[in-house]
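The chain contents come next:
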Amino acid sequence: MSKMVVIAYETADKAVEVRSKLRRLQKEQAIDIDEMLVAIKDDDGEVSLLQSYKALPAAGSTHGFWNTLVGLVLVNPALSMARLQNPSAVSGALAEVGVDEGFVTDLAASFLSGSSVLFCLIRDAAAPERVFAELRGTGGRVLETTLNHEEEERLQVALRAAS
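Rules used in this analysis
Residues numbered from 1 in each chain as written. Predicted model: local features only at pLDDT ≥ 70, side-chain atom pairs only at ≥ 80, totals over all residues. Heavy atoms only, no water. Helix = DSSP H or I, 4+ residues; strand = E, 2+ residues; numbered from the N terminus. Buried < 20%, exposed > 50% of the residue type's maximum accessible area, 1.4 Å probe, protein only. Areas by Shrake-Rupley, 256 points an atom, 1.4 Å probe, with all protein chains shown as cover. Polar contact = N/O pair within 3.5 Å; in protein donor to acceptor, adjacent residues only side chain to side chain. Contact = heavy atoms within 4.5 Å. Arc of directions from axis to C-beta. pLDDT = per-residue confidence, 0-100. Axes fitted to C-alpha atoms, helices over the stretch in contact; angles between N-to-C directions. Left-handed = near helix turned anticlockwise from the far one by under 90°. Nonpolar A, V, L, I, M, F, W, Y, C, P; charged D, E, K, R; others polar. Core = buried A, V, L, I, M, F, W, Y, C linked by side-chain atoms within 4.5 Å. Pairing = 2+ DSSP bridges.

**Student:** Sorry if this is basic, but what is going on with the overall build of the protein here?
**Tutor:** Summing up its helical and strand segments, the protein has seven helices and five strands in all. The buried share of the protein, reckoned over its 163 residues, is 37%. When the accessible surface of the protein is summed, it comes to about 8,800 Å², and 53% of that surface belongs to carbon and sulfur atoms.

**Student:** For this particular structure, what's the right way to read the side chain of Thr138?
**Tutor:** Here Thr138 lies in the loop between helix H6 (128–135) and strand E5 (141–145). A distance of 2.8 Å separates a polar atom in the side chain of Thr138 from the backbone oxygen of Leu135. Discounting chain neighbours no more than four positions away, the residues touching Thr138 are Tyr9, Lys14, Val18, Lys21 and Leu159.

**Student:** Sorry if this is basic, but what is going on with helix H5 (residues 101–110) here?
**Tutor:** The α-helix advances 3.6 residues per turn, and as a result positions three or four apart in sequence lie on the same side. Buried residues of H5: Phe103, Val104, Leu107 and Ser110, and no others. Viewed end-on, H5 has its buried residues packed into an arc of 140°, placing them on one side of the element.

**Student:** What should I look at first to understand the confidence of the model for the protein in this one?
**Tutor:** Any region with low pLDDT has predicted coordinates that should not be read closely. For the protein, per-residue confidence averages 78 on the pLDDT scale, and residues scoring 70 or more make up 69% of the total. Per-element confidence in the protein ranges from a low mean pLDDT of 47 for helix H3 (residues 77–85) to a high of 95 for helix H1 (residues 14–27). Here residues 77–87 scores under 50 on pLDDT; set against residues more than four positions off or in separate chains, the count is nine contacts.

**Student:** I tried to follow the side chain of Ser116 on my own but got confused; where do I start?
**Tutor:** In this fold, Ser116 is placed in strand E4 (residues 115–124). Since its relative accessible area comes to 0%, Ser116 is described here as buried. A polar contact of 2.7 Å, which involves the side chain of Ser116, links it to the backbone oxygen of Thr11.

**Student:** What am I meant to see in the packing of H6 against helix H7 (residues 149–160) here?
**Tutor:** Between two packed helices, both the angle of their axes relative to each other and the distance between the axes serve to describe the pair. Running from N to C, H6 and H7 cross one another at 35°; their axes reach a closest spacing of 7 Å. The crossing of H6 and H7 is right-handed. On H7, the residues that touch Glu129, Phe132 and Leu135 of H6 are Glu151, Arg154, Leu155, Ala158 and Leu159. In the contact of H6 with H7, the residues fall into five nonpolar, no polar and three charged.

**Student:** Please explain the nonpolar core as it appears in this structure.
**Tutor:** Where a protein is soluble and globular, its nonpolar side chains tend to be buried together. One finds Leu22, Leu118 and Leu155 to be the most contacted residues of the largest nonpolar core, which totals 24 residues. At the level of elements, strand E1 (3–9), H1, strand E2 (32–41), E4, H6 and H7 are the ones that each hand at least two residues to this core. Setting aside residues up to four positions removed in sequence, Leu22 forms contacts with Ile31, Ile33, Met36, Leu118, Cys120, Val131 and Leu135. In terms of nonpolar packing, the next biggest core, distinct from the first, is built from twelve residues, Ala8, Leu37, Phe103 and Phe111 among them.

**Student:** Help me understand the pairing of E2 in this model?
**Tutor:** Every other side chain in a regular strand lies on the same face of the sheet, so the side chains alternate between the two faces. Burial analysis of E2 places nine of its ten residues in the buried class, the great majority of the element. Sheet topology note: the E2/E4 ladder contains nine bridges and is antiparallel. Residue Ala39 lies in a different strand from E4, and its bridge partner there is Val117.

**Student:** Looking at this structure, I do not really get the pairing of E1. What am I missing?
**Tutor:** Of all seven residues in E1, six are buried, a share of seventy percent or more. Bridging between E1 and E4 involves seven bridges; their strand directions are antiparallel. Residue pairing for E4: Val5 is matched across the bridge by Cys120. Bridge analysis of E1 against E5 gives four bridges, and the strand direction is antiparallel. In the strand pairing of E5, Val5 is matched with Thr145.

**Student:** Mind showing me how you'd approach the environment of Val18 here?
**Tutor:** Looking at where Val18 falls in the secondary structure, it is placed in helix H1. Through-space distance from the C-alpha of Val18 to that of Leu118 is 8.1 Å; in sequence the pair is 100 residues apart.

Set out below in structure tokens:
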């Protein structure tokens, strides 16, 4: 089963840069990534999505999950209005697809104009030390993950470390 990692960056180009590093590591077989999506909010508040994924059988596809999550949380301004008018209904709907309300709140607070967010589904990391070394000093804050506590802490330490 794939593990989800969502990392917020303060600059618009940083998530794209990190995605490039992860792609290179995937080509070198240090990590096996099912899918990555970068969301960028420019200075005018326009959202751009850059998605990359492996060709998967339709039954194993997670594209619907990404599209739903990003559409509801990042692109659709109606979600913000609905959360204000009927927060329990929106929270319930998101919970049904496995999205935690705290994550939605953190994501909305972090996704400001001029920032970016990297969403990643990782199948396996054959060389986790190489991955952590490559991500060292790239900044960012882990918003959500299905990594175990130790892996999450190691990832956050690597992101914050001086390069």
